[in-house]
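Inside the fold
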Amino acid sequence: MAKITYSFDILAAKNLIAAPCFEEFIYRTCLINFCIESGALTLKEAVYVMPFFFAISHLHHAIAEYKQRGLKKRQLIIVTLFRLGYTNIFGIYSGLVYIKTGSIWPAIALHSQCNFFGFPSFSNFFDREYLLPDRVFAGAFYIIGTILFFSYFDSTLAGYQPWFAD
């Protein structure tokens, strides 16, 4: 197995420290609190709606990828919609973490971890180097985990009083 090395440079500092701190402060602390305290949105609405703005703010990555890789317009649309989807889901998850813990720090740590690891690569599911039962087993856990993740979203906020509503 090849050894993976990482270097800590200015780009890594931006992606792992600055961006998570600023984005979580803006999209969780400022926007969620503002929407709830102003009465514009309920707790549940704020957690589900505000991440859409977080996702939109990441569209510049799709444009950069379009220019770098020379994607066709159809590919760009698919990549952009996919990126919007998973960034929105991450934003919801981060909002839930913020609301449940009452602290921005776990959300920042989660965001840094997400930026470090990136989106999971599913190419191993199609790599014949791995045995079929291993690929099916891993794929089944991904699917089960995704289903459980989404099925508990609503129950996470049911009857929950946020820490700042006292």
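Residues numbered from 1 in each chain as written. Predicted model: local features only at pLDDT ≥ 70, side-chain atom pairs only at ≥ 80, totals over all residues. Heavy atoms only, no water.

**Some thoughts on the overall build of the protein**
- When you go through the protein residue by residue, the secondary structure sums to seven helices and zero strands.
- Counting from the amino terminus, helix and strand elements in the protein follow one another as α-α-α-α-α-α-α.
- Counting all 166 residues of the protein, 30% fall into the buried class. (Helix = DSSP H or I, 4+ residues; strand = E, 2+ residues; numbered from the N terminus. Buried < 20%, exposed > 50% of the residue type's maximum accessible area, 1.4 Å probe, protein only.)

**Things to note about the side chain of arginine 28**
- For arginine 28, the location among the structural elements is in helix H1 (residues 10-38).
- Side-chain polar atoms of arginine 28 contact the side chain of serine 94, separated by 3.2 Å. (Polar contact = N/O pair within 3.5 Å; in protein donor to acceptor, adjacent residues only side chain to side chain.)

**As for the packing of aromatic side chains**
- This model, assessed by the stated rule, comprises eight aromatic pairs.
- Between phenylalanine 54 and phenylalanine 90, the aromatic rings sit 6.1 Å apart at their centres with planes inclined by 35°, giving tilted as the arrangement. Placement of the pair is phenylalanine 54 in helix H2 (residues 43-56) and phenylalanine 90 in helix H4 (residues 73-101), with a sequence separation of 36 residues.
- Judged by relative accessible area, phenylalanine 54 falls into the buried class, the value being 1%.
- On the numbers, 5.1 Å between centres and 85° between planes, the contact of phenylalanine 116 with phenylalanine 117 is edge-to-face.
- Using a relative accessible area of 36% as the deciding quantity, one classes phenylalanine 116 as partly exposed.
- Classification of phenylalanine 117 as exposed rests on a relative accessible area of 59%. (Phe/Tyr/Trp six-rings, centres within 6.5 Å; stacked < 30°, edge-to-face > 60°.)

**Comments concerning the packing of H1 against H4**
- Where H1 contacts H4, the two axes come as close as 11 Å, and the packing angle between them is 65°. Handedness of the H1/H4 crossing: right-handed. Between H1 and H4, the contacting residues are Glu24, Arg28, Thr29, Ile32 and Asn33 on the first element and Phe90, Gly91, Ser94, Gly95, Tyr98 and Ile99 on the second.
- Looking at side-chain class alone, the contact of H1 with H4 contains four nonpolar, five polar and two charged residues. (Axes fitted to C-alpha atoms, helices over the stretch in contact; angles between N-to-C directions. Left-handed = near helix turned anticlockwise from the far one by under 90°. Contact = heavy atoms within 4.5 Å. Nonpolar A, V, L, I, M, F, W, Y, C, P; charged D, E, K, R; others polar.)

**What about the pattern of salt bridges?**
- Tallied over the entire structure, the rule returns one salt bridge.
- Taking the shortest distance from any N to any O, the salt bridge between arginine 28 and glutamate 24 comes out at 2.8 Å. Here arginine 28 pairs with glutamate 24, and both are found in helix H1, just four residues apart, close to one helical turn. (Salt bridge = Lys/Arg side-chain N within 4 Å of Asp/Glu carboxyl O.)

**Notes on the environment of alanine 18**
- Relative to the elements of secondary structure, alanine 18 occurs in helix H1.
- For alanine 18, a relative accessible area of 26% puts it in the partly exposed group.
- In sequence terms alanine 18 and isoleucine 108 are 90 residues apart; their C-alpha atoms lie 9.7 Å from each other.

**Concerning the nonpolar core**
- Grouped together as the largest cluster of nonpolar side chains are 14 residues, with contacts concentrated most on Ile32, Ala46, Val47 and Ile99.
- Every element with two or more residues in this core is listed here: H1, H2, H4 and helix H5 (104-117).
- Listed in part, the five residues of the second largest apolar core include Tyr27, Phe54, Phe90 and Leu110. (Core = buried A, V, L, I, M, F, W, Y, C linked by side-chain atoms within 4.5 Å.)

**Quick word on a nonpolar patch on the surface**
- On the surface, a cluster of nonpolar side chains totalling about 760 Å² of accessible area is made up of Phe82, Phe119, Phe122, Phe126, Tyr142, Ile143 and Ile147.
- With three residues, helix H6 (residues 132-151) is the largest single contributor of residues to the nonpolar patch.
- Relative to the helices and strands, isoleucine 143 is located in helix H6.
- Classification of isoleucine 143 by relative accessible area gives exposed; the value is 53%. (Patch = residues over 30% accessible without salt bridge, like charges linked within 9 Å, V, L, I, M, F, W, Y side chains within 5 Å. Areas by Shrake-Rupley, 256 points an atom, 1.4 Å probe, with all protein chains shown as cover.)

**Side note on the confidence of the model for the protein**
- Per-residue pLDDT for the protein has a mean of 84; in total, 89% of the residues score no lower than 70.
- When pLDDT is averaged over each element of the protein, H5 comes out on top at 93 and helix H7 (residues 153-157) at the bottom at 68. (pLDDT = per-residue confidence, 0-100.)

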